[in-house]
Amino acid sequence: MILLKTKEEIELIRDSAQLLGKTLAEVGRHIQPGVTTAFLDNIGEQFIRDNGGIPLCKGYEGFPAAFCISVNDVVVHGIPSETLFIKEGDNVSLDCVIELNGYVSDSAYTFTCGDPSADMQRLLKVTKEALYIGIEKCKAGNRVGDIGHAVQQHCEKNGYSVVRELCGHGVGFKMHESPNVPNYGVPGTGPLLKEGMVIAVEPMICMGSKNVVFSREDGWTCRTKDGKPAAHFEHTVAIGANGPDILTTFDFIEQ
Ligand code: MF3
Ligand code: CO
């Protein structure tokens, strides 16, 4: 069942989402050669708690950390590690879900460490563009397939591929609500978008082929099968009376 949110509830989700935007920026500022992904996770968890939030990934189905931190060929769900050191040129995606005053928001941003290659920069640019092109479709009267189609078109026309195993989702009262929001699809198909729905739109895009593998050791880490880089950007978006209302923000991020 798709749960609709009132205007008041959407404002509370926005408060959560704004704190999450500040959190991603705060952690992003600490990305530099030699830091570990566990260090970044600790900084972020402290920041969330200092501001009255709860990091919901921690303990979710056994996930051990506040952030998913996914480097280079890790698409999503990277587990922060004391032995994974960031190096110059890496792409580092931070994905985090928080609860503030009972309301839940979800956002991700792929940062780079130092000067990435031109190929990497283009992947990040196109994936971020795809996020906003998908969000433009988040209007009452459209369908979920319109979002996925728009994301897929933009990425494929730029020579990239779309991960099929994972998708966006409803959010706001819990981390994962209905409906699923795939990053591929057929226009005019899927659940109808209605005012008051809140969804996480989150393109996960590969430089090479779309195939991914999940780690057999930890059960979480999702990598590209061909070892090429991937990118991930995510916003929590409300379907507003006048179109998409982006509740999370990248405005605090310097990159
Ligand atoms: N933020 C992810 C999503 O977009 C979920 C992370 S899985 C977790 O759905 F276990 F880390 F929570
Ligand atoms: Co999500």
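Refer to the preceding data block for the structure.
What counts as what
Residues numbered from 1 in each chain as written. Chains lettered and ligands numbered in written order. Predicted model: local features only at pLDDT ≥ 70, side-chain atom pairs only at ≥ 80, totals over all residues. Heavy atoms only, no water. Pairing = 2+ DSSP bridges. Helix = DSSP H or I, 4+ residues; strand = E, 2+ residues; numbered from the N terminus. Axes fitted to C-alpha atoms, helices over the stretch in contact; angles between N-to-C directions. Contact = heavy atoms within 4.5 Å. Disulfide = S-S within 2.5 Å. Buried < 20%, exposed > 50% of the residue type's maximum accessible area, 1.4 Å probe, protein only. Near = heavy atom within 4 Å. Polar contact = N/O pair within 3.5 Å; in protein donor to acceptor, adjacent residues only side chain to side chain. Areas by Shrake-Rupley, 256 points an atom, 1.4 Å probe, with all protein chains shown as cover. Nonpolar A, V, L, I, M, F, W, Y, C, P; charged D, E, K, R; others polar.

Mind showing me how you'd approach the sheet that holds strand S7 (residues 168-170) here?
Backbone hydrogen bonds hold the strands of a sheet together, and the pairing may be parallel or antiparallel. With antiparallel pairing, 5 strands are arranged side by side in an open sheet as S8-S7-S9-S14-S15. The outermost strands of the open sheet, each flanked by one partner alone, are strand S8 (177-181) and strand S15 (243-246). When strand polarity is set aside, the average angle formed by the axes of neighbouring strands in this sheet is 30 degrees. Two strands pair when backbone bridges link them, and S7 and S8 are joined in this way by 3 bridges, in the antiparallel orientation. Bridging from a neighbouring strand, Gly 168 pairs with Val 181 of S8. The strands that helix H4 (residues 144-157) touches are S8 and strand S9 (198-201); relative to S8, the one it contacts most, it runs at about 40 degrees.

Just to check I follow, could you spell out the state of the cysteines for this structure?
Two cysteines form a disulfide when their sulfur atoms are joined by a covalent bond. Tallied over the full model, the rule gives 0 disulfides. In this structure Cys 206 is a free cysteine whose sulfur lies 7.9 Å from that of Cys 222, the closest cysteine sulfur available. For Cys 222, a relative accessible area of 0% puts it in the buried group.

Help me understand the sheet that holds strand S12 (residues 222-224) in this model?
If you walk across this open sheet you meet the 3 strands as S3-S12-S11, and the pairing is antiparallel. In this open sheet, the two strands that pair with only one neighbour each are strand S3 (74-76) and strand S11 (212-214). Mean inter-strand twist for the sheet, computed between neighbouring axes without regard to direction, equals 40 degrees. Here S3 pairs with S12 via 2 bridges, running antiparallel. Residue pairing for S12: Val 76 is matched across the bridge by Cys 222.

Got a minute to help me understand the site of ligand 1 in this structure?
Every one of the 14 residues lining ligand 1 counts as a neighbour, but Cys 57, Asp 95, Asp 106, His 176 and Glu 202 are closest to it. Here His 169 contributes a side-chain N or O atom positioned 3.3 Å from an oxygen atom of ligand 1. A distance of 2.6 Å is found between an oxygen atom of ligand 1 and a side-chain nitrogen or oxygen belonging to His 176. For ligand 1, whose free accessible area comes to 330 Å², the fraction covered by protein is 96%. Class assignment for the residues of the shell around ligand 1 results in 7 nonpolar, 3 polar and 4 charged.

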